[in-house]
Each structure stands twice: as C-alpha cells, then as structure tokens.
Amino acid sequence: MARERILVVDDSAEFCSLLTKEVLPERGYTALSATTGQQALRLLAEKQPDLVLLDYQLPDISGLDILQQMAERQPMVPVIIMTAYGSESVAVEAFRLGARDYLIKPFDVEVGLAAVDRVLAQVRLEQEKERLSRELEQARQELEQRVKELTVLFGVSKSVTSLLDLDRVLERVVEAAVFISRADQGALWLPEPGGELLLLCAAKGLGEKREHLLRIPAGEGLVGQVFRSSQPLRRVATPGEEGIEVTAAYQVRALLLVPLVMKGRTNGVLLVANGRDRPFAAADEAMLQALADYATIAIENAQTYQATDEALARRAEELAYLYEITRTVTSTLDRQQIFDRVAVKIGEMFHVEGGSLLLLDEETQELEFVASWLGSTEPLRGMRLKPGQGVAGQVALTRQPIVVNDAYRDDRFYTQVDRATGFVTRSILCVPLLVQDRCIGVLELLNKAYGPFTQEDVERLSNVAHPVAIALENARLYREAQQLHEAKSRFVATMARELRSPLTAIKGYNGMLLSGAMGELDDRQADLLRQIEAYTDRLITLMEDLLDIARLETGETRLHPEPVSLAEVVAQLASSLEQRLLDKNLRLAVKVPPRLPPVYADPQRIGQVLNSLLMNACLYTLPKGRITVEAWLQSDPQERRAGADWVVVSVLDTGIGIPPEDQPRVFERFFRGDHPLVQHHPGRGLSLSIAKSLVELHGGRIWLESEAGKGSAFHFTLPVAGRKQGRKGTDIR
C-alpha cells in the first residue's frame, strides 16, 4: 500500500493525536493534523495531502468554508467531512462542494478507516484510469501521425497505410500490388516467430492453389531465396518453358518477388504473378518495391498498434483482476473464505491447469497445502513439505520466485505430489507470500495453457501475492486477537462468578449483624456495618457489570424479546428512584404518549438501559435540577414500506454536561470524565458501555447531545413490535 499523506483537521488535539499517531500510521498512512481552519489551509498549500479528514465545526472558520476554498483550487484534494450534528443539509452542502464521504461523530475507528480506504481506493482507480487513457491516446496519436506521413509520401499506398488492422492491411497490400502491377495473382508471406517457415497471410487470385502455399520453408524455393537475400527477383518463362516453379504444385508464366525490409531485416515477401505471357517490367519492380516499403511500415504500424492495444487490454484486465482480488481477499477475515476466493480469482486471471496455496508453519518450518485447484484430481489439503523440499520449499527458503518450465528435468521438483494426486505437472510458477520481508507461505501455479511461464507471469503473480499475503496475515492476527479476547473475557467472567458468592455471603452476614440478630449494636458499630454494606453492594454491582461485559463480548448474552410498554417500564423505574430524587431535590418529568405502540424488546434489559441513564442523570444533576424521559414514534417514509418503524427514547437532564472532547469516549468501557462531581462519585465507567451494547443487540442505536454546564440528552432507538419478529420469548444472542 502506498503511504498516502492524510491531513486530519479537528479542533480536538486529542482526537487528532489518536488518528495521526496511532490509527492512520498503523494502516500504513502518513498523517498530519491541524486544529484550526487557517492552519489547515496553510498545510493544504504546503504539504499537498492526498486526503483530508475535515471537521465541520472549527474554532475560526467552518469546514464548509474550507471546502469552498478548496473547490476553487484545482485539482481538489478528496475530503471526508466529520460532524457530530448529523444534519442532512450539512451533508448535502458538503457533497455539493465536492466532499467524497461523510462521517457522523462519534464513529468507530474501523468505520472511519473503511471510509478512508474506500475514498483513497477510488482516487487510485481514477488516477490509474486517467493514466491508461493518456497512454492509449498518446499511442493512438502517434500511430495516426505515422499514417498521415505515409499517405502523403505515396498516394497509391493511401488505402494501405490508413489501416491499423493487420489482416486488412495485408489484404490491401496484396490488392494494391496486383492492381499497380496489373497482375493476375498476388500473395504475401510473413515469417513465423521461429523464422523457419514463411506463412501465407494474404492472397488474391490463387484459387485452389492457395492450399499449396500456406507454409513455405524459409530456405527453399524462389520465395525462400528472396527472403534470405533481401533482394527482389523478376522472372519470365521462356517460350519453350512450361512455367516458373514457385512450388511443385504452383507454376506461373511471369513473377515478381520483392522483400519487405525494415531496418535491414527482412520481414516478409510480396509476390505478384501472371498465368499468361505478360512479363513484369523494371517499372513494375520499382513500383512494387515502393509499395513493399510502405507496406512494411504499414505492417509494422499495424503490428505495433495491435501489440499496444493487446498490451493495454492485458494491463487493464490485469489491473481489474488485481483490484478484484485485493477487494475480495481484504473484505473478509475468514481464512477459508480467503483460500476459496483466491482459487477462483487466480483461476480466472491465469490460464493454468492448477495451482496451490501453501502456508508456513512457524514452529516446524513446514509448508502445508491449505488450498489447491487441480482440475478433477484429488485436492492436496493437509499435505506438508519439509523445509527446502520441492520448488515451493525452495521459494519459502530463498523468498524469491522460481519458474520451472520442464518439471521432470528439474532436480528441485518434488514428484511425490503428482503421485499422490494423479496430476501431471509440466511447468511451475511459484512466488513467496511476504509480509514485511517475512515469508508466510507460497502461491504456486501449474501447467500454463499457452507456452512457458515468463517473467511477465512472475510479476503478475507477485502483484497478486502481495494483497493475498496481507489478507492472510490480517486473518491470522484477527484470529489470535479473538482468541486472546475470548480468553480474557472467560477469565473475567470466571473471576466475577468466584467473587460474587463470597460477596453475597458477606452481605448476608452483614445484614444479620445490622438487624441485631447477633446482639445489640452501638452507633459506631452500626455505622461501620453500613459502610461494609455499601462497599459490598458496590463490589456486587461491579461483579454484575463485569459479567455483563464478559457475556456481551463472548456472545453469551441472551435476549428474550416481547412486546413491551415503555410507559410501564418508565413508571416502574420512576417509582424505584422516587426516594433518591426526593433526597437530592430533583424533579422527574415523564412524557410518554399513552398511544405509543409497544416496542419489541427484552423488558429486563431495556429497564437496565433506562436505569443506567437515569442513575447517571441523578448523579450529575445538581439539586433543584430537572430530569425528563421522553419517547416518540419515528417513521421513515421509505423504510416504512418495509415496516421499519422505531421508537426513540430520550433521557434529558439539566446537569453538568459533557465537554466536547469527552463526548466521543462516553460509551467507552472504564471511561470517566475529569469533572470534580464525576470524580466525587465512585463508579466504574461501565454502565453506559453496557447500555450501548444492549441497545445495539436489540438492533437500535444510542447517541448523545451535550453542552458543558447546561446538561445532556441521551437518545436510543428500539424497534416497534409487530415488525416480523420471532414469537415471544425467542432467544437473541
């Protein structure tokens, strides 16, 4: 991956630091940042970044103003707008000014990276397309200029040199030769790639005799003589002579042969002949030689154009396949899917009979066949090669590609694979899978359908191997991270369960002591026991939160959804919080419409979410403050046709609010703000993270709006009951 330079423009230095020093460099990008609009404009002019992550709200000028100024410059740098407002009008205006994408803050790191990768991939494809177009246009212009020069030089050759299709050029050359020499017959031979045979490429007036002239040895007969000597030959049969023998089955009364010479090399032979006694004159020879010279140039141009066109077509096809392979293998972290997709795509890109993908076992240094495609033979999956064994083993050791075009004559070839599968290997192309100069496996192709493997094939397969290696390494790292994450979650869950039992016992015994069951207590003893009770409750709650986190991480959390009345859930919670609200002199307002349809949710879990939000509001709202719970139906006309209605639930308070720099982290585990009131209250920073996971488990989403010193508003959505859900009590994990 190229190290594109990305400019992050955001008024949060912490956010900029996270992206520029950790997230983007880990993905292979070079990053720089600006916290004001003016600084961003200066860096745009000085550093010329490849992509800009631009915040909508900046302290001096807005992101749209910067977009406006960027739009006036050409070429415009791709921009992804970031905003916490989610306004449709802002998005429309941003896209109108040229923004490529739109992110709503806070956003997941992987979502942001996916947007960056997507936009840069589009830019790379656009640049590659533009380059190919320029090259094709340049080639076309050069060839057209060549044709124009030739048509000016000799008028009779106009119809020949104006063509770029090789077959039509050859036909026109023969037609023109017969016409200007007033001959009965004409033919043109070009040498085959090896040069040992001359192949008939175009003819006129030969009839059935054409079959006897298709292949002529380059060193035999009159045609071979002209080809070897590069000199014209003009002959006429004498009155007593039966004819001039071109081949044993083809005789004529008069003939004229001229070589097609280009840069001192004979590229073909042009013949005109008469079956009657009309000899060719010196003027005919001069005209035909001039035509041959122009024909040589025309043929060369046509071949060059054809080769260029074919090369461009191959290059475009290769890039398309390479992009498709890269997109396909990097769209999954499942190793088996990568194996299967690589096999399909490489089979389409390379014309081979088979191939294999082998991965290196780091402990044994053996290569294991993890995927193979060998026609109708048995697959090789599970077979292993020792270090250095076979061509694949040598490639893994040297980390260099190897081409073998005669397998059974090469000592490196491991014949046991053929014996095990019944496959017959003729040729091999094998390249290493490298990740940061470390070999993780090899990619092997077998039996090219047309000719031997070439250096071009090596380069093409090496280009494919790079994204495949990265995808496989990512899959390995992801699998290891998953295993570690699951092990950590299991450990946390086990410890939480082990601690919960003794804590419950301590709470029970402490309650007995407080009740006086073990004897009367004085005031100091009672205070100490109440402190023990409070700390025990706090630890039990922590254990429950840790268990919830562990269940969510391992996918063990079960929902039992059913139609639920939000009004009833809110009423129960309001009743349970009544004393706490009175103690702190807080007012609670509930605005849930009586006709609000029920939601499809787990009542216990939704109560847990609402309780977390209400407890937060109680803790961080000052006395005489107000807390409001609202709910309303939200319908999207387009989604409603599919039955996609949602209820939005909001918990609003007039508390201390959340600073902008803390808002992106509010739903992170163990995050707690620096406000003195937050630090005064003991907490674990888990409840909002758990609430977010539970809402998302229901298919909804949760977000917040807050202003420091004025309060906060937490919103989340739940599906309306009746949207093709499962029956009551269905488990959802």
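The rules behind these values
- Residues numbered from 1 in each chain as written.
- Predicted model: local features only at pLDDT ≥ 70, side-chain atom pairs only at ≥ 80, totals over all residues.
- Heavy atoms only, no water.
- Pairing = 2+ DSSP bridges.
- Helix = DSSP H or I, 4+ residues; strand = E, 2+ residues; numbered from the N terminus.
- Contact = heavy atoms within 4.5 Å.
- Axes fitted to C-alpha atoms, helices over the stretch in contact; angles between N-to-C directions.
- Patch = residues over 30% accessible without salt bridge, like charges linked within 9 Å, V, L, I, M, F, W, Y side chains within 5 Å.
- Areas by Shrake-Rupley, 256 points an atom, 1.4 Å probe, with all protein chains shown as cover.
- Salt bridge = Lys/Arg side-chain N within 4 Å of Asp/Glu carboxyl O.
- Buried < 20%, exposed > 50% of the residue type's maximum accessible area, 1.4 Å probe, protein only.
- Lys, Arg positive; Asp, Glu negative; His and termini not counted.
- Core = buried A, V, L, I, M, F, W, Y, C linked by side-chain atoms within 4.5 Å.
- Arc of directions from axis to C-beta.
- Polar contact = N/O pair within 3.5 Å; in protein donor to acceptor, adjacent residues only side chain to side chain.

**As for the sheet that holds strand 14 (residues 352-360)**
Strands belonging to one sheet form pairs held by backbone hydrogen bonds; the direction of such a pair is parallel or antiparallel. Strand order across the open sheet formed by six strands is 16-15-14-19-18-17, with antiparallel pairing between neighbours. The open sheet is flanked by strand 16 (384-385) and strand 17 (402-404), the only strands paired with a single partner. With seven bridges connecting them, strand 14 and strand 19 (residues 438-448) associate as antiparallel partners. Among the inter-strand pairings, S356 is bridged to a residue of strand 19, identified as E444. Running over the sheet, helix 11 (residues 390-398) touches strand 14, strand 15 (367-373), strand 16, strand 17, strand 18 (428-435) and strand 19 and is turned about 35° from strand 18.

**Focus on a nonpolar patch on the surface**
A cluster of nonpolar side chains, namely M512, L513 and M518, defines an oily patch on the protein surface of about 280 Å² accessible area. Looking at the element boundaries, M518 is found in the loop between helix 13 (455-514) and helix 14 (523-554). We classify M518 as exposed; its relative accessible area is 59%.

**Digging into the environment of L190**
Along the chain, L190 turns up in strand 6 (residues 185-191). Judged by its relative accessible area of 10%, L190 is buried. As a C-alpha pair, L190 and L170 span 20 residues in sequence and 9.9 Å in three-dimensional space. Beyond its immediate stretch of four places on either side in the chain, L190 contacts L170, L197, L198, L199, C201, N267, G268 and Q303.

**Description of the sheet that holds strand 6**
In space, the six strands of this open sheet follow the order 8-7-6-13-12-9, with antiparallel pairing throughout. Unpaired on one side and paired on the other, strand 8 (215-217) and strand 9 (233-236) mark the two borders of the sheet. Neighbouring strand axes in the sheet, compared pairwise and without regard to direction, differ in orientation by 25° on average. As paired elements, strand 6 and strand 7 (residues 197-204) share six bridges and run antiparallel to each other. Pairing of A187 across the sheet is with A203, part of strand 7. Of the strands in this sheet, strand 6, strand 7, strand 8, strand 9, strand 12 (254-262) and strand 13 (265-274) are in contact with helix 8 (residues 221-229), which crosses strand 12 at around 30°.

**Brief notes about the pairing of strand 19**
Most of strand 19 sits out of view: nine of its 11 residues are buried. Where strand 18 folds back onto strand 19 in an antiparallel hairpin, the turn is made up of two residues, including Q436, whose phi is positive at roughly 55°.

**A few points about the pairing of strand 18**
Within a regular strand, the side chains alternate between the two sheet faces. Buried residues dominate strand 18, accounting for seven of its eight residues. Examined bridge by bridge, strand 17 and strand 18 share three bridges and lie antiparallel to one another. Within strand 18, the residue paired with V403 across the bridge is L429. In terms of strand pairing, strand 18 meets strand 19 through eight bridges, oriented antiparallel. Along strand 19, the bridge assignment pairs V431 with L443.

**Considerations on unusual backbone geometry**
For residues besides glycine, phi is generally negative; the peptide bonds are generally trans as well. For the peptide bond that leads from K105 to P106, omega is -5°, which places it in the cis range. Along the chain, P106 turns up in the loop between strand 5 (101-104) and helix 5 (109-153). For K263, which is not glycine, the phi dihedral falls at a positive 55°. With respect to the element layout, K263 can be found in the loop between strand 12 and strand 13. The class of K263 is exposed, set by a relative accessible area of 81%. Non-glycine residue N447 carries a positive phi angle of around 60°. Locating N447 in the fold gives a position in strand 19. Taking relative accessible area as the criterion, N447 reaches 0% and is therefore assigned buried.

**Observations concerning the side chain of D418**
Looking at the secondary structure, you find D418 in helix 12 (residues 416-421). For the buried D418, no salt bridge is present, and the opposite-charge side chain at shortest range is R419, 8.5 Å distant. Residue contacts for D418: discarding those within four places in its chain leaves Y408, F413, F423, V424 and T425.

**Quick look at the nonpolar core**
Among the nonpolar cores identified, the biggest contains 40 residues, and L566, L610, I627, V647, F714 and F716 are the most heavily contacted of them. Listed by contribution, the elements that provide at least two residues to this core are helix 15 (566-576), strand 22 (599-601), helix 17 (603-619), strand 23 (626-635), strand 24 (645-653), helix 20 (687-697), strand 25 (702-707) and strand 26 (711-719). Broken down by element, this core gets its largest block of residues, seven residues, from helix 17. For F714, the contacting residues outside a window of four places in its chain are L613, V649, S650, V651, I658, V666, F667, L688, W703 and L704. Ranked by size, the runner-up nonpolar core spans 29 residues in total, among them M349, V431, L445 and F453.

**Topic: helix 2 (residues 37-47)**
Residues G37, A40, L41, L43 and L44 constitute the buried set of helix 2. One side of helix 2 holds all its buried residues, which, seen down the axis, span an arc of 165°. Looking at the buried residues of helix 2, the elements they touch are strand 1 (5-9), strand 2 (30-34), strand 3 (51-55) and helix 3 (63-71). A side-chain oxygen of the first residue of helix 2 lies 3.2 Å from the backbone nitrogen of Q39; this N-cap is T36. Following helix 2 by one or two positions, Q48 adopts a phi angle in the positive range, close to 50°.

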